[in-house]
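Structural overview for review
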Amino acid sequence: MPELPEVETVRLGLERVLLGEKIKRVEVLLKHCFHGRASVLKKGEVESLTRRGKLLQIHMTSGWSILVHLRMTGQLIYVSSTEEREGGGHPDDSLINNLPNKHTRVVLSLSSGATLYFNDQRTFGSLKLWKTDALDEEPFLAKLGPEPWAKAFHKNYLGDILARRKRSTIKGVLLDQEVVAGLGNIYVDEALFLAGVRPSRKAGDVKKRELSKLMKTIVEVLERGIEYGGVSARDYVNAEGLKGKMQEQLYVYRREGQLCKQCESLIEKTKVAGRGTHYCPGCQK
Ligand SMILES: [Zn+2]
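What counts, and where the lines are drawn
Residues numbered from 1 in each chain as written. Predicted model: local features only at pLDDT ≥ 70, side-chain atom pairs only at ≥ 80, totals over all residues. Heavy atoms only, no water. Salt bridge = Lys/Arg side-chain N within 4 Å of Asp/Glu carboxyl O. Helix = DSSP H or I, 4+ residues; strand = E, 2+ residues; numbered from the N terminus. Donors = N, O, S within 2.8 Å, 3.2 Å for Na, K, Ca; no water. Tetrahedral: all angles 85-135°; square planar, octahedral: opposite > 155°, others 65-115°. Core = buried A, V, L, I, M, F, W, Y, C linked by side-chain atoms within 4.5 Å. Buried < 20%, exposed > 50% of the residue type's maximum accessible area, 1.4 Å probe, protein only. Domains from an automatic or database assignment. Arc of directions from axis to C-beta. Pairing = 2+ DSSP bridges. Axes fitted to C-alpha atoms, helices over the stretch in contact; angles between N-to-C directions. Contact = heavy atoms within 4.5 Å.

Some details on the pattern of salt bridges
Summed over all chains, the structure comprises 14 salt bridges. Salt-bridge contacts for Glu 45 lead to Lys 22; the nearest nitrogen and oxygen are separated by 3.8 Å. Taken together, the positions of Glu 45 in the loop between strand 2 (34-35) and strand 3 (46-52) and Lys 22 in the loop between helix 1 (4-18) and strand 1 (23-28) put the pair 23 residues apart, joining distant regions of the chain. Between Glu 147 and Arg 52 there is a salt bridge; the shortest N-O distance is 2.9 Å. Within this pair, whereas Glu 147 is found in the loop between helix 2 (139-143) and helix 3 (155-164), its partner Arg 52 is found in strand 3, the two being separated by 95 residues in sequence. Several salt bridges share partner residues, and in doing so they unite Glu 8, Arg 11, Glu 15, Arg 51, Arg 52 and Glu 147 into one network.

Structure below.
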């Protein structure tokens, strides 16, 4: 599932090619993957691309925005008239195979002759149209927590939430998009490892000193994720190659049974907050 770094990688790639494009035609192949009146997209051109948490936002000069939820298996793939590719998302071979294919849900034909495909195997993702000046009122965005880099995400903010939800696990709290935007299973496990805190620890038992460290390691793992973890349609080769490249950067995620890179204990796997969870029994208390 794409987390903040993967969505940011898609955003950076599409920003190279989408600015100034006009949308000539919108084909919705699966209705529940598209919310809004498609005709509004034919006015104006792409002005900017931004991201909030795991949500990608394409802003048009007409005052409308396209909100792209990639969810479990979504992909946004740009194919130029000369077959140059950009974008990305869920790392499977649709990124390099012929498009449209059986997982294509929405097709946007662009003024340059390029095409933007929204693919989604599991169909939990969607495109949604919303007025740019009213994005604060969009139900998902209205509830979304601060970005991990935002001033609003400070020690007292998170400390108060941990105190209020003291019986929840720290992992469960960090996965909640209303607490902080963009973290998912991979980066929560990695941030907790670097902070030395077990994912199953009760939120109320996280010490002030650990909280400070955790705030830093969250940003650290996300920045490293943007550098190494995301995949773009431009440099995707195959799913196995990508797994290898990402795995080198990870300390605990999907490394159960392997040696900890810091203390040589064996990494363990358990279930916390309903999710497969990886930790080092030596480094994390
Ligand atoms: Zn260790």
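From this point on, the discussion continues.
Digging into the coordination of the zinc ion
Note on the zinc ion: its protein donors are Cys 260 (SG), Cys 263 (SG), Cys 280 (SG) and Cys 283 (SG). The metal-donor distances range over 2.2 to 2.4 Å. For the zinc ion, the 4 donor atoms in the first shell make angles of 99 to 117° at the metal, so the coordination geometry reads as tetrahedral. Here the donor residues of the zinc ion are spaced in sequence according to C-x2-C-x16-C-x2-C.

A few points about the nonpolar core
Formed by 36 residues in total, the largest nonpolar core has its most connected members in Leu 158, Leu 162, Ile 170, Leu 174, Leu 183, Leu 214 and Ile 218. Going through the elements one at a time, helix 3, helix 4 (170-175), helix 5 (185-195) and helix 6 (208-229) are the ones with two or more residues in this core. With 8 residues, helix 5 is the single largest residue contributor to this core. One finds Val 7, Ile 23, Val 26 and Ile 58 within the second-largest nonpolar core, a separate group that totals 29 residues.

Here's the deal with the domain arrangement of the protein chain
Interfaces are often sized by the accessible area lost when the parts come together. Partitioning the protein chain into structural domains gives domain 1 (4-143) and domain 2 (155-279). Here the C-alpha centroids of domain 1 and domain 2 sit 28 Å apart.

Let's talk about helix 3
Taken as a whole, helix 3 has its buried residues at Leu 158, Ile 161 and Leu 162. Along the long axis of helix 3, the arc covered by the buried residues comes to 100°, so they all point the same way. Along helix 3, the residues that are exposed and aim more than 90 degrees away from the buried face are Asn 156 and Arg 164.

Details of the sheet that holds strand 1
Within the open sheet, the 5 strands sit side by side as 1-8-9-6-7. Their pairing is antiparallel. Of all strands in the sheet, those with a lone pairing partner are strand 1 and strand 7 (85-89), marking the two edges. Averaged over all adjacent pairs, the angle separating strand axes in this sheet is 10°, with direction ignored. Taken together, the 5 bridges between strand 6 (residues 74-79) and strand 7 define a ladder with antiparallel strand orientation. When the sheet's bridge partners are listed, Val 79 is paired in strand 7 with Arg 85. Running at roughly 155° to strand 7, helix 1 makes contact with strand 6, strand 7, strand 8 (104-110) and strand 9 (115-120) of the sheet.

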